[in-house]
Each structure stands twice: as C-alpha cells, then as structure tokens.
Amino acid sequence: MRHLKQLRARAHEQGMTTSEYAVGTVGACTVGGAIYTIATSDWFNNFIKGVFEKGIELLPFM
C-alpha cells in the first residue's frame, strides 16, 4: 500500500517537473533573444568599440 502511494506521488511530480522545464525553457529563450537584440544593436557596437579604443589609449607602449 505504501509503495502505491509513492508511485502516485511520483507520477504527479513528473507532470509538474515537465511544466517547470517548459516555463524555464521559454524564459531562457526570451532572455537569449533580448541579449541577442541588444548585442546586435548599433548602440552596443558603438559602446564596445569605444571601450576598446579607450583601453588601447591607456596602454603604456602605444
């Protein structure tokens, strides 16, 4: 009897685990899409270019 209750509890948890993975996957794809959009924008490219140019200016041998 105890074994049957454990199996039922596990069956219920498996469905919840699957839905949690689905929500997590959608969230990860959303964050990835936002990062991709920012990384490919002109603003971000100009920012990175400026950081490298300022960094090169700070080098003592240049």
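What you are looking at is a predicted structure, and each value in this text was computed from that prediction instead of being measured.

## What about the packing of aromatic side chains?
- In the structure shown here, the tally under the stated rule is 2 aromatic pairs.
- Consider the rings of W43 and F44, whose centres lie 6.4 Å apart with planes at 45°: the pair is tilted.
- The class for W43 is exposed, based on a relative accessible area of 59%.
- Residue classification places F44 among the partly exposed positions, given a relative accessible area of 27%.
- The interplanar angle of 5° and the centroid separation of 5.7 Å between the aromatic rings of W43 and F47 together place this pair among those described as stacked. Of this pair, W43 and F47 both sit in helix α2 (residues 42-58), 4 residues apart, roughly one helical turn.
- Grouped by ring-pair contacts, the aromatic residues W43, F44 and F47 constitute a single cluster.

How each quantity is defined
Residues numbered from 1 in each chain as written. Predicted model: local features only at pLDDT ≥ 70, side-chain atom pairs only at ≥ 80, totals over all residues. Heavy atoms only, no water. Phe/Tyr/Trp six-rings, centres within 6.5 Å; stacked < 30°, edge-to-face > 60°. Buried < 20%, exposed > 50% of the residue type's maximum accessible area, 1.4 Å probe, protein only. Helix = DSSP H or I, 4+ residues; strand = E, 2+ residues; numbered from the N terminus.

These figures come from the coordinates and say nothing about function on their own.
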